[in-house]
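Geometric and topological summary
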Amino acid sequence: MKNRKKGLVFYFTGAAFLIFAAVGFIAYMGLLTSEEIKLTGLLVAAIISSVIAIVLLIIGYRFSFLIDKETAQRFEHYSAYPAKDVSDYRGELEAVRENFKKDTDAEKNKIGVFPFIDSAPYYDFSVIKTGKIYYSYVVEANESLFINRRIDRMTLPAVVIYSTDPFYESNPLALKEIADSLFANRHQNFLRDESQFFTAKKLTDKEGRTVYATTIMVYRKHLPLYCLSDALLPLIADPQNSTSVFFADCKYWTDNFIGDFVNGVARKKEYKIDPFDI
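Because the structure is a prediction, the values reported are computed rather than measured.

Cut-offs applied
- Residues numbered from 1 in each chain as written.
- Predicted model: local features only at pLDDT ≥ 70, side-chain atom pairs only at ≥ 80, totals over all residues.
- Heavy atoms only, no water.
- Helix = DSSP H or I, 4+ residues; strand = E, 2+ residues; numbered from the N terminus.
- Buried < 20%, exposed > 50% of the residue type's maximum accessible area, 1.4 Å probe, protein only.
- Contact = heavy atoms within 4.5 Å.
- Areas by Shrake-Rupley, 256 points an atom, 1.4 Å probe, with all protein chains shown as cover.
- Arc of directions from axis to C-beta.
- Phe/Tyr/Trp six-rings, centres within 6.5 Å; stacked < 30°, edge-to-face > 60°.
- Lys NZ or Arg CZ within 6 Å of the ring centre and 35° of its normal.
- 1 Å grid on protein atoms, 1.4 Å probe; cavity = no way out; pocket = protein on both sides within 12 Å on 5 of 7 lines; lining within 4 Å.
- Points joined across faces, edges and corners; volume = space filled by probe spheres on them.
- Nonpolar A, V, L, I, M, F, W, Y, C, P; charged D, E, K, R; others polar.
- Pairing = 2+ DSSP bridges.
- Axes fitted to C-alpha atoms, helices over the stretch in contact; angles between N-to-C directions.
- Patch = residues over 30% accessible without salt bridge, like charges linked within 9 Å, V, L, I, M, F, W, Y side chains within 5 Å.
- Salt bridge = Lys/Arg side-chain N within 4 Å of Asp/Glu carboxyl O.
- Core = buried A, V, L, I, M, F, W, Y, C linked by side-chain atoms within 4.5 Å.

**What to know about the overall build of the chain**
- Along its length, the chain carries eight helices and six strands.
- Start at the N end of the chain and walk to the C end: the helices and strands fall as α-α-α-α-α-β-β-α-α-β-β-β-β-α.
- Here the chain, with 278 residues, has 45% of them falling under the buried criterion.
- For the chain, contacts bridging at least 24 residues in sequence account for 76% of all contacts bridging at least 6.
- Of the accessible surface of the chain, which amounts to about 14600 Å², a share of 56% is contributed by carbon and sulfur atoms.

Structure (C-alpha cells):
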C-alpha cells in the first residue's frame, strides 16, 4: 500500500513535468519564426522537463507495480508449500483464531481503501476488533483475482458465503457445495446483477442453519500467492453488528491451511448435502 501511494506521487509529478514540457515544445514551435524572441532557453527547459518526466514515470511504475524484496521472498516461501489434506477443520480454524488473537497490533488485517461507487459500507474496520473468524467460500469474483500477477496492491470485489453456525466449523466443505449451487444458478438468483453490492444477505439451508452471502473487498496481500484459489478461506465477520467482512491475513493461517489453499485441495473434495434453499 505504501509503495502504491509513493508510485502515485511520482506519477502525478511526472505528469506535471510532461505537461510543462509539452507546453514548452508547442510554444517553441509556435514562436520559432519570430526573430525577435530568443527561444534557446525555452527549448532547453522543455527538454529537461521531458527527461525529468520520463524518470519520474519510470520510478512511479517501479513503486506501483514491481514487487519489493520482501514480497518476492514471501512469494517464493508460499509457492514451496506442499499440498495438505486437512481433516480436523475445527482444529485448524481454532488455531487460526488463536494466531489472530495473539497479534496485538492495532492496525492488523486492515487494507488500503480503493473505493468503488457506493462501496463505503464494505470498509468498516471495526469488525476486525469485534468480529470472529469463520470459514468462507468464494462464489464468484473479479476475474483478475484468480490470476497471479504478483501484484499485491489491487483491492477488488468478490462474493463469498459463510456461516456462524458451529456446524460449518467442522463441515466447511458444505459451503463449497452451496457456493457451487449458487454460481450454477446465478442467472436466476440474486447474483444475476454483477454490479450489485450487498452485505450479510441471509440464506437458509434445509436444516434451518443460516448462511450469509456478502460482497467482500479482496486485498491481494492477505492471500499467500496474491490470488484466489478454489479453496476455503478464513474470514472475519460479525453479521449482527457490521456490514463488512475481511479475509484473515494469511500470516495467521496454519501450515496445513496454507498448503490446502495454495494447492487447491478443496476443489478435489466433495461434500454431499441436501439441495440448498436459495
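Picking up after the structure, the text goes on.
**Details of helix 3 (residues 69-79)**
- Here helix 3 has its buried residues at Thr71, Arg74, Phe75 and Tyr78. Buried residues of helix 3, viewed axially, fall in a sector of 100°; they line one side. Across helix 3 from its buried face, at more than 90 degrees, point the exposed residues Lys69 and Glu76.
- Contacts made by the buried residues of helix 3 are with helix 8 (255-262).

**A look at the packing of aromatic side chains**
- Tallied over the entire structure, the rule returns 12 aromatic pairs.
- Here the aromatic rings of Phe100 and Tyr252 are separated by 5.1 Å at their centres, their planes lie at 80°, and the arrangement is edge-to-face. Of this pair, Phe100 sits in helix 4 (residues 89-102) while Tyr252 sits in the loop between strand 6 (246-247) and helix 8, placing them 152 residues apart in sequence. Accessibility classification places Phe100 together with Tyr252 in one group, the buried group.
- Site record: aromatic cluster; members linked through ring pairs are Tyr89, Tyr135, Trp253, Phe257 and Phe261.
- Lying over the aromatic face of Phe183, Arg186 brings its terminal NZ or CZ to 3.9 Å of the ring centre.

**Considering the layout of surface pockets**
- Volume-wise, the second largest pocket comes out at about 380 Å³.
- Lining the second largest pocket are 19 residues, with Glu140, Ala141, Asn142, Pro157 and Glu194 sitting closest to its centre.
- Elements that contribute at least two residues to the lining of the second largest pocket include exactly strand 1 (132-141) and strand 2 (155-162).
- By residue number, the principal contributor to the lining of the second largest pocket is strand 2, which donates three residues.
- Class assignment of the residues belonging to the lining of the second largest pocket gives a composition of 10 nonpolar, four polar and five charged.

**Describing helix 8**
- When we look at burial in helix 8, the residues that qualify are Phe257, Ile258, Gly259, Asp260 and Phe261.
- Buried residues along helix 8 sit against helix 3, helix 4, strand 1 and strand 5 (232-237).
- Directly beyond the C-terminal end of helix 8, a positive phi value near 60° is found at Gly264.

**Points about the pairing of strand 2**
- Among the eight residues in strand 2, eight count as buried, and that is most of the element.
- Neither face of strand 2 is left uncovered, since the one carrying Thr155, Pro157, Val159 and Ile161 and the one carrying Leu156, Ala158, Val160 and Tyr162 both have all their residues buried.
- Summarising the sheet, strand 1 and strand 2 pair through five bridges and their orientation is antiparallel. Considered in strand 2, the bridge of Ser136 is made with Tyr162.
- Sheet topology note: the strand 2/strand 4 (residues 210-219) ladder contains eight bridges and is antiparallel. Its bridge partner being in strand 4, Ile161 is matched across the sheet by Ala213.

**Here's the deal with empty space enclosed by the protein**
- By the definition in use, this model includes two cavities of 30 Å³ or more.
- Counted as a void, the largest cavity has a volume near 40 Å³.
- What lines the largest cavity is Ile111, Met217, Val218, Tyr219, His222, Leu223, Phe246 and Phe247.
- For the lining of the largest cavity, the elements supplying multiple residues, two or more each, are strand 4 and strand 6.
- With three residues, the single largest contributor to the lining of the largest cavity is strand 4.
- Of the residues belonging to the lining of the largest cavity, the class tally is seven nonpolar, one polar and no charged.

**Points about the sheet that holds strand 2**
- Spatially, the six strands line up as an open sheet ordered 3-4-2-1-5-6, and their pairing is antiparallel. Sheet topology places strand 3 (201-204) and strand 6 at the edges, where each strand pairs with a single neighbour.
- Packed onto the sheet, helix 7 (residues 173-184) meets strand 1, strand 2, strand 3, strand 4 and strand 5 and runs at close to 30° relative to strand 1.
- Sheet strands in contact with helix 8 are strand 1 and strand 5, and its direction is about 120° off that of strand 5.

**Describing a nonpolar patch on the surface**
- Taken together, Phe25, Ile47, Val51 and Val55 make up a surface patch of nonpolar side chains, about 320 Å² in accessible area.
- Among the elements that line the nonpolar patch, the one with the most residues is helix 2 (residues 40-65), at three residues.
- On the secondary structure map, Val55 appears in helix 2.

**Remarks on the nonpolar core**
- Ranked by size, the top nonpolar core spans 67 residues in total, and within it Ile161, Leu228 and Phe247 carry the most contacts.
- Once residues within four sequence positions are removed from consideration, Ile161 is found in contact with Tyr135, Ser136, Tyr137, Val139, Leu175, Ile178, Ala179, Leu182, Val211, Tyr212 and Ala213.

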